[in-house]
Amino acid sequence: MFRGRNRGTQGGGLAIMLLAYQLMQVGFDRIPPVTLAAILGQVLVFLKLIDIPWPSLDDVCISSNQVWNRGDWTRLILGVFHHADQWHLYYNMSSFLWKGINLERKLGSGYFAFLLAVFTVLQSTILVAVNMLLGNYIMNDASYLSQCAVGFSGVLFALKVLTTYDLPPGIQYIMGIPIHSRLAVWAELAFIQVIAPNASFTGHLSGILLGLLYVKGPLKFVMKEFYSIISSTASGRPHQAYTFHSSGTSGRRAENLQQESMPTQSGGMPATPTRRSERLRHQSPGRDQTPGHLGRNYAAYTGGLTEDEQLARAMNESLQQSQSNNAAPPQTATAPTAPPEPPSYDSLYGESNGIPQARIPPPPPGYEGAGSSLNDIPTVTQPLSNDDIRKRRLRRFQKD
């Protein structure tokens, strides 16, 4: 923000051309719609391509005297979208380009537009309040009441706080000096005041206070709830709210209004809708009471039994099942059978001339040996000599 002065056009529009070149470098198709519309709108206002009824910045600049004492509340909005000169516009829009791309992609275009609208009004309101506190109570300097500021930089400082706290803590460099990311916005506030003494210190400070109120205070919760109501109203869906109970640390989401599952009135019209939070209570239903939050089809799932009866039946069935599983299977008594007797010695061995000889077991049925019948299979009845063994081997090779 700069203190109000006549709009300058020094430089022949060089800053406007640099801004246009920067937009083309990024790509118009890569810039989210709300961010692009806000930049182009402020450029059109600066170039007076939009027909505006106020001739100079003195008619729109924000000051405590004009807003609070004279009641010119339109300055809270109009002063934010006007700039003192083309370089003021260029630096603000180039900074807003990157902040807008990141925040709009994260928050969504709808909520980001709502955020810009609320920040515009609140930043100007905080600026008026800070100037009145400094002028009337803290500094006792009436010049703060007459200071008149224009520009979008107050909103930019608030957005910078949002982007800073959205990232993990780290180190940022401002003019080569390492600064903690959480303190970078304060260092930038002091740095801008040094290089541009005509900048509105209270305007930038009001933006930082607004950003901290959003990330540290209740403003974020209030804005999201209000935006949810607006979105639900526009889309025709019922508003969803969080209802928290003191008996626990967790809340449950309940519809603001839900039709009670009660008998309908005559003509098929439903009964009067009541709040669901009134029906969801931390108590156990009695034996003659069914949970109201399960609706009219509760009996179809329980067979008309209460919760205590269902619990008792489930316990009995579980006990019976466990007893049946643990019971030992029935056994029939059978007489023990004697083990088979081992084969006798005579069945395995025979004698030839007093010398035990091994008996060759009979061949299996259908077996065809060396001859044409089973009679051709030799039976060993006496020891074989070496000549007999060689002859048998020779006959075997000749047959093969």
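Preceding block: the structure.
The structure displayed is predicted, hence computed values, not measured ones. (Residues numbered from 1 in each chain as written. Predicted model: local features only at pLDDT ≥ 70, side-chain atom pairs only at ≥ 80, totals over all residues. Heavy atoms only, no water.)

**Student:** Residues and numbers for a positive patch on the surface, please.
**Tutor:** Residues Lys 391, Arg 392, Arg 393, Arg 395 and Arg 396 make up a contiguous surface patch of positive charge. Tracing the sequence through the fold places Lys 391 in helix 16 (residues 386–399). (Patch = residues over 30% accessible without salt bridge, like charges linked within 9 Å, V, L, I, M, F, W, Y side chains within 5 Å. Areas by Shrake-Rupley, 256 points an atom, 1.4 Å probe, with all protein chains shown as cover. Salt bridge = Lys/Arg side-chain N within 4 Å of Asp/Glu carboxyl O. Lys, Arg positive; Asp, Glu negative; His and termini not counted. Charge placed at Lys NZ, Arg CZ, Asp CG, Glu CD. Helix = DSSP H or I, 4+ residues; strand = E, 2+ residues; numbered from the N terminus.)

**Student:** Explain a nonpolar patch on the surface to me, using residue names and the numbers behind them.
**Tutor:** Together, Tyr 21, Met 24, Phe 28 and Leu 40 make up a nonpolar patch on the protein surface, roughly 420 Å² of accessible area in all. Here Met 24 shows up in helix 1 (residues 14–26).

**Student:** Tell me about the pattern of salt bridges, and name the residues and values.
**Tutor:** Tallying each qualifying case throughout the model produces four salt bridges. Of the charged contacts in the structure, one is a salt bridge between Asp 166 and Lys 106, with a shortest N-O distance of 2.0 Å. Pair noted here: Asp 166 is in helix 8 (residues 153–166) and Lys 106 is in helix 5 (residues 86–107), with a separation of 60 residues, a long-range link. The shortest N-O distance in the salt bridge between Glu 188 and Lys 160 comes to 3.3 Å. In this pair, Glu 188 sits in helix 9 (residues 184–195) while Lys 160 sits in helix 8, placing the two residues 28 residues apart along the sequence.

**Student:** Account for the state of the cysteines, with residues named and values stated.
**Tutor:** Across all of its chains, the model carries one disulfide by this definition. There is a disulfide in this structure between Cys 61 and Cys 148, and the S-S distance comes to 1.7 Å. Between Cys 61 and Cys 148, the disulfide has an S-S torsion of 90 degrees and is therefore right-handed. Of this pair, Cys 61 sits in the loop between helix 2 (33–46) and helix 3 (64–69) while Cys 148 is found in the loop between helix 7 (143–146) and strand 2 (149–150), placing the two residues 87 residues apart along the sequence. For the residue pair Cys 61 and Cys 148, the accessibility class agrees, reading buried in each case. (Disulfide = S-S within 2.5 Å. Buried < 20%, exposed > 50% of the residue type's maximum accessible area, 1.4 Å probe, protein only.)

**Student:** Please set out helix 2 residue by residue, giving values where relevant.
**Tutor:** If you check helix 2, its first and last C-alpha atoms are 20 Å apart, about what 14 residues at 1.5 Å a residue would give, namely 20 Å. Listed as buried for helix 2 are Val 34, Thr 35, Leu 36, Ala 38, Ile 39, Gln 42, Val 43, Val 45 and Phe 46. Taken together, the buried residues of helix 2 touch helix 1, helix 5 and helix 6 (109–138). Just past helix 2, the residue Lys 48 takes up positive phi, approximately 60 degrees. (Expected span 1.5 Å × (residues − 1). Contact = heavy atoms within 4.5 Å.)

**Student:** Any chance you could break down helix 9 for me, citing the residues and the numbers?
**Tutor:** The first and last C-alpha atoms of helix 9 sit 16 Å apart over 12 residues, in line with the 16 Å expected at 1.5 Å per residue. Every buried residue of helix 9 is accounted for by Ala 184, Val 185, Leu 189 and Ile 192. For helix 9, the buried positions fall inside an angular range of 145 degrees around the axis, keeping them on one side. (Arc of directions from axis to C-beta.)

**Student:** Any chance you could break down the packing of aromatic side chains for me, citing the residues and the numbers?
**Tutor:** Applying the stated criterion across every chain, the model contains 12 aromatic pairs. Considering the side-chain rings of Trp 68 and Trp 73, the 6.3 Å spacing of their centres and the 90 degrees angle between planes classify their relative orientation as edge-to-face. On the basis of an interplanar angle of 85 degrees and a centroid distance of 6.0 Å, the ring pair of Trp 87 and Tyr 90 is categorised as edge-to-face. Taken together, the residues span about one helical turn, with Trp 87 and Tyr 90 both in helix 5 at a distance of three residues. For Trp 87, a relative accessible area of 29% translates into the label partly exposed. The rings of Phe 81, Phe 96, Phe 112 and Phe 152 are connected pair by pair, giving a single aromatic cluster. The cationic tip of Arg 182 hangs over the ring face of Tyr 165; the distance from NZ or CZ to the ring centre is 4.6 Å. The ring of Tyr 111 has Lys 224 sitting right over it, with the charged end atom 4.5 Å from the ring centre. (Phe/Tyr/Trp six-rings, centres within 6.5 Å; stacked < 30°, edge-to-face > 60°. Lys NZ or Arg CZ within 6 Å of the ring centre and 35° of its normal.)

**Student:** An account of the packing of helix 9 against helix 10 (residues 201–215) is requested, with residue identities and associated values reported.
**Tutor:** Two elements in contact, helix 9 and helix 10, have axes separated by 10 Å at closest approach and are oriented at 170 degrees. Compared by their axis directions, helix 9 and helix 10 come out roughly antiparallel. Residues Val 185, Trp 186, Leu 189, Ile 192 and Gln 193 of helix 9 form the contact with helix 10, whose own contacting residues are Phe 201, His 204, Leu 205, Ile 208 and Leu 212. For the contact of helix 9 with helix 10, a count of residues per class yields eight nonpolar, two polar and no charged. (Axes fitted to C-alpha atoms, helices over the stretch in contact; angles between N-to-C directions. Parallel < 35°, antiparallel > 145°, perpendicular 65-115°, else oblique. Nonpolar A, V, L, I, M, F, W, Y, C, P; charged D, E, K, R; others polar.)

Everything listed is a geometric property; what it means functionally is a separate question.
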